[in-house]
Amino acid sequence: MQRVINDFTIRVATVNGSGSQSSNLVLTNAIFSLGVPVAPKNVFPSNIEGLPTWFDVRVTSKGYQCRTRDIDVLVGLNAATWRTDVASVKAGGTIVHEATYPVAGETLREDLTYYAVPFNELAKANFTDGNLRKYLLNMIYVGVLAELLGIDEATIEAAIGKQFKSKPKALATNMEAARIGFVYAREHLKKNDPFAIERMSGKTEGRLFMDGNRAAALGCIMGGCTVVAWYPITPSSSLCENFIALAEKYRVDKATGEKNVAIVQAEDELAAIGMVLGAGWAGARSMTSTSGPGLSLMAEWAGYGYYAELPAVIFDVQRAGPSTGLPTRTMQGDVSFAYHLSHGDTKHIVLLPATVADAYEMAMEAFDLADRFQTPVFVLSDLDLGMNSWITEPLAYPEQPFDRGKVLSADDLAKIDAWGRYRDVDHDGIPYRTLPGTNHANAGYFTRGTGHDEQARYSELPDVWERGLDRLIRKHDTARTVVPKPAIEESGAPVALLAYGTTHHAVVEARDALRADGIDVDYLRVKALPCSPEIAAFISRHERVYVVEQNRDAQLYTLLRAELPNHLVARIRSIRHYNGVPIDAHAIIDPLLAAEREPAVVAE
């Protein structure tokens, strides 16, 4: 039997509300602490308790961070999904399961290794508290699996210590539960499978393990945010919750102890975005976080911010829609909606983070862009990035000062005879503004969402309205040259991939797999909308470009078709993944190879 070391996927099948998240994170952090890269993916139901939940831990010596379809090791702790969980395991795989589950008849697969463990009996015999017992049962599995995979007790105990460092009472009982698992596996289970964990070097040293929502919250702190108005919604809530925790430490005046931040949990998303825009008008750096349903409620205010030209930052941690959809599943389904959010002719700046570092850096950049362009800026993360943990390099401390854009001070106003709030004196579409409280007689102007001229005076004249819309699109075109440029990797291959957001991680693995089969594909990762000129130039250098995204309607593909020159439209193709679970490499490889084998199709 050939050993499989540091390259397999573990799936833990449990019931939501059983406390399995803590034990899953203990296992994940223990493997990471051994220098072995891991990529955890939590697939959980939207109810609070009772439905099936699965937690995958991809162990990958190559450092891949995307999901994989192959399940090698199953921890089966949910009777309701037992049969389907067994069916999901790859041939040659291993199953650690509750001993009372059947392994005979139609469930039995002779191509798997089974380890039956009386988890319920062990928990009942060792822990008298019935409510606590169901949680500790999960930690018993950690001990059993660690013993089978070759992870020593000290490593697991260190991971438990980290997980429960703020809960000393829970720390001791969880340590005890893990030891029970170690002892049982040592005394009753004979190792008969190939999977093992071995310490590595050079893969995780100096790197962090963090989720995207926490990174974005830290970016908001570093970006100077002082006002947050929000309404809780999965999967964005932890972004504001993390900001609140960070603000308790970093938004406090050291001399007086006074908090230098305003945080309001509004009655709904509509109220939240109104508060954020009001704070932006007053000169504060302000933000909210939401998901698709909340974004829908913000549409009218988004148009007001666009037309009245008010800075604001909106984080949309995307989930599966439409409607309430799948609240705890991931998608990239809000791209087109966010880009055009509101009625009428509206186009917004949209940032598209793919990594934890992106979430941190783009959070900071969003505030600069909002101030510079005097407009709402949307940061479109997703559940996969926001709520799952990722390996990342340390986050860099910002070196550049804030870009507050075209703000006229009292001294500036004293040097000019007159100014117009919506005049385009620099021919870039961006006007100048003043902030409330500026000590000059000419500082004031009236902010309105109805028709206005260059002096901010009310107007319904057709030519004035048209000039205003033309200037706004000119400002949007200026943004094309300022928003983050795409990341490009190319070597002259005729075929390329174009992706954005967390799809990036599946592209990385797909390109490696294709390259191993002798097929090179170039790659462009879009980081922002509006599309920068580099995107069209990249497409022009390739015969075929496959746009990969996690939505049904090929939203970025459709936006590109609308903005590209006609002679480039025929060069792009669409690859889509939209079942709610994070995209894997084969969701790219299989349709790409199938399309490349098809005869050329003549565009109509």
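Residues numbered from 1 in each chain as written. Predicted model: local features only at pLDDT ≥ 70, side-chain atom pairs only at ≥ 80, totals over all residues. Heavy atoms only, no water.

**Some thoughts on the overall build of the protein chain**
No. 1: Within the protein chain one finds 21 helices and 22 strands.
No. 2: On C-alpha atoms alone, the protein chain measures out to a radius of gyration of 27 Å, which is about the 25 Å that the 2.2 N^0.38 rule sets for 604 residues.
No. 3: Seen through its C-alpha atoms, the protein chain measures out along the principal axes to roughly 90 × 70 × 40 Å.
No. 4: Here the protein chain holds 604 residues, and the buried ones make up 55% of them. (Helix = DSSP H or I, 4+ residues; strand = E, 2+ residues; numbered from the N terminus. Rg over C-alpha atoms; globule rule 2.2 N^0.38 Å. Buried < 20%, exposed > 50% of the residue type's maximum accessible area, 1.4 Å probe, protein only.)

**Section: the nonpolar core**
Generally speaking, soluble globular proteins have nonpolar side chains that are buried together.
No. 1: Within the largest apolar cluster, 54 residues are counted, with the highest numbers of intra-cluster contacts made by Ile10, Ile31 and Ile156.
No. 2: Among the elements that line this core, the one with the most residues is helix H4 (residues 130-149), at eleven residues.
No. 3: Non-local contacts of Ile10, meaning those with residues more than four positions away in its chain, are made with Leu27, Ile31, Phe55, Asp56, Val57, Val59, Val73, Leu145 and Leu149.
No. 4: Formed by 46 residues, the second largest nonpolar core is a distinct cluster that contains Val335, Ala496, Leu529 and Leu568. (Core = buried A, V, L, I, M, F, W, Y, C linked by side-chain atoms within 4.5 Å. Contact = heavy atoms within 4.5 Å.)

**Observations concerning the pattern of salt bridges**
It is possible for side chains bearing opposite charge to pair when their charged atoms get close.
No. 1: Overall, the coordinates contain 38 salt bridges when judged by the stated rule.
No. 2: The salt bridge involving Arg544 is made with Glu543; its shortest N-O contact spans 3.4 Å.
No. 3: Because the salt bridges share partners, they merge into one network encompassing Arg285, Asp368, Asp371, Arg404 and Arg433. (Salt bridge = Lys/Arg side-chain N within 4 Å of Asp/Glu carboxyl O.)

**Re the packing of helix H17 (residues 503-516) against helix H21 (residues 586-597)**
No. 1: Contact pair H17 / H21: the axes reach a minimum separation of 8 Å and the direction vectors enclose 50°. Considered as vectors, H17 and H21 are oriented oblique to each other. In this structure, H17 meets H21 at a crossing whose hand is right-handed. Each of Ala506, Val507, Ala510, Ala513 and Leu514 in H17 lies in contact with H21, whose residues at this interface are Ile588, Ile589, Leu592 and Leu593.
No. 2: Its residues assigned to classes, the contact of H17 with H21 shows nine nonpolar, no polar and no charged. (Axes fitted to C-alpha atoms, helices over the stretch in contact; angles between N-to-C directions. Parallel < 35°, antiparallel > 145°, perpendicular 65-115°, else oblique. Left-handed = near helix turned anticlockwise from the far one by under 90°. Nonpolar A, V, L, I, M, F, W, Y, C, P; charged D, E, K, R; others polar.)

**A few points about the side chain of Ser342**
No. 1: By secondary structure assignment, the location of Ser342 is in the loop between helix H12 (335-339) and strand E14 (349-351).
No. 2: Taking the relative accessible area as the measure of exposure, Ser342 reaches 16% and is therefore buried.
No. 3: Look past the residues within four positions of Ser342 in its chain and what remains in contact with it is Ala299, Glu300, Ala302 and Gly303.

**Quick look at the domain arrangement of the protein chain**
No. 1: The domain architecture assigned to the protein chain consists of domain 1 (4-196), domain 2 (211-392), domain 3 (410-480) and domain 4 (487-602).
No. 2: The distance between the C-alpha centroids of domain 3 and domain 4 comes to 40 Å. (Domains from an automatic or database assignment.)

**Side note on the packing of aromatic side chains**
No. 1: Following the criterion strictly, the structure yields six aromatic pairs and no others.
No. 2: Ring centres of Phe32 and Phe209 lie 4.9 Å apart, and the angle between their planes is 15°; this geometry places the pair in the stacked category. Remark: Phe209 occurs in strand E9 (residues 208-211) and Phe32 occurs in helix H1 (residues 20-33); sequence separation between them is 177 residues. Each member of the pair Phe32 and Phe209 is classed as buried.
No. 3: Ring centres of Trp301 and Tyr304 lie 5.5 Å apart, and the angle between their planes is 85°; on these two criteria the pair is classed as edge-to-face. With a gap of three residues between them, Trp301 and Tyr304 both fall in helix H11 (residues 299-308), about one helical turn apart.
No. 4: Tyr304 gets classed as partly exposed once you look at its relative accessible area, which sits at 24%. (Phe/Tyr/Trp six-rings, centres within 6.5 Å; stacked < 30°, edge-to-face > 60°.)

**Quick look at H21**
No. 1: The end-to-end C-alpha separation of H21 is 16 Å, in line with the 16 Å expected for twelve residues at 1.5 Å each.
No. 2: For H21, the complete set of buried residues consists of Ala587, Ile588, Ile589, Leu592 and Leu593.
No. 3: On its buried face, H21 sits against strand E18 (495-500), H17, strand E21 (544-549) and strand E22 (572-576). (Expected span 1.5 Å × (residues − 1).)

**Some details on empty space enclosed by the protein**
No. 1: Enumeration according to the criterion identifies six cavities of 30 Å³ or more in this entry.
No. 2: Of the pockets and cavities examined, the largest cavity occupies roughly 70 Å³.
No. 3: Looking at the lining of the largest cavity, the element that brings in the most residues is helix H16 (residues 462-480), giving four residues.
No. 4: Tallied by class, the residues present in the lining of the largest cavity amount to six nonpolar, three polar and two charged.
No. 5: Of the voids in this model, the second largest cavity is the one considered here, and its volume is about 60 Å³.
No. 6: Around the second largest cavity sit Asn42, Val43, Thr328, Arg329, Thr330, Leu383, Asp384, Asn388, Gly580, Val581 and Pro582, which together line it.
No. 7: Those elements that provide at least two residues to the lining of the second largest cavity are strand E3 (38-43) and helix H14 (383-387).
No. 8: A per-class count over the lining of the second largest cavity returns four nonpolar, five polar and two charged. (1 Å grid on protein atoms, 1.4 Å probe; cavity = no way out; pocket = protein on both sides within 12 Å on 5 of 7 lines; lining within 4 Å. Points joined across faces, edges and corners; volume = space filled by probe spheres on them.)

**Quick look at the layout of surface pockets**
No. 1: Within this model, the largest pocket holds a volume of roughly 1200 Å³.
No. 2: Around the largest pocket, the lining is made up of 35 residues, and of these Gln21, Ser22, Leu25, Gln163 and Asp211 lie nearest the centre.
No. 3: Only H1, E3, H4, helix H5 (153-163), helix H6 (168-188), E9, helix H8 (237-250) and H14 provide two or more residues apiece to the lining of the largest pocket.
No. 4: It is H1 that provides the largest number of residues to the lining of the largest pocket, a total of six residues.
No. 5: In terms of residue class, the lining of the largest pocket is built from 15 nonpolar, 14 polar and six charged.
No. 6: Taken domain by domain, the lining of the largest pocket gets at least three of its residues from each of domain 1 (4-196) and domain 2 (211-392).

**A closer look at the pairing of strand E15 (residues 376-382)**
No. 1: Counting buried positions along E15 gives seven out of seven residues, so the element sits mostly inside the fold.
No. 2: Of the two faces of E15, the one carrying Pro376, Phe378, Leu380 and Asp382 and the one carrying Val377, Val379 and Ser381 are both buried.
No. 3: Summarising the sheet, strand E13 (residues 312-318) and E15 pair through seven bridges and their orientation is parallel. Following the sheet pairing, Ala312 is matched in E15 by Pro376.
No. 4: As paired strands, E14 and E15 are joined by three bridges and run parallel to one another. Bridge pairing in E15 places Ile349 opposite Val377. (Pairing = 2+ DSSP bridges.)

**With respect to the sheet that holds strand E19 (residues 522-526)**
No. 1: Read from one edge of the open sheet, five strands run E17-E19-E18-E21-E22, paired in mixed fashion. Only two strands of the sheet have a single neighbouring strand rather than two, namely strand E17 (487-489) and E22. Recorded for the sheet is a direction-independent mean angle of 20° between the axes of neighbouring strands.
No. 2: Bridging between E18 and E19 involves five bridges; their strand directions are parallel. Within E19, the residue paired with Ala499 across the bridge is Arg525.
No. 3: Where H17 meets the sheet, it contacts E17, E18, E19 and E21, and its direction lies at approximately 155° from that of E18.

**A look at the sheet that holds E3**
No. 1: Sheet architecture is open: six strands sit in the order E3-E4-E2-E5-E6-E7, paired in mixed fashion. Every other strand in the sheet has two partners, leaving E3 and strand E7 (113-117) as the edge strands with one partner each. With strand direction ignored, the average angle separating the axes of adjacent strands in the sheet is 15°.
No. 2: Of the strands in this sheet, strand E2 (7-15), E3 and strand E4 (52-60) touch H1, which is tilted by about 0° from E4.

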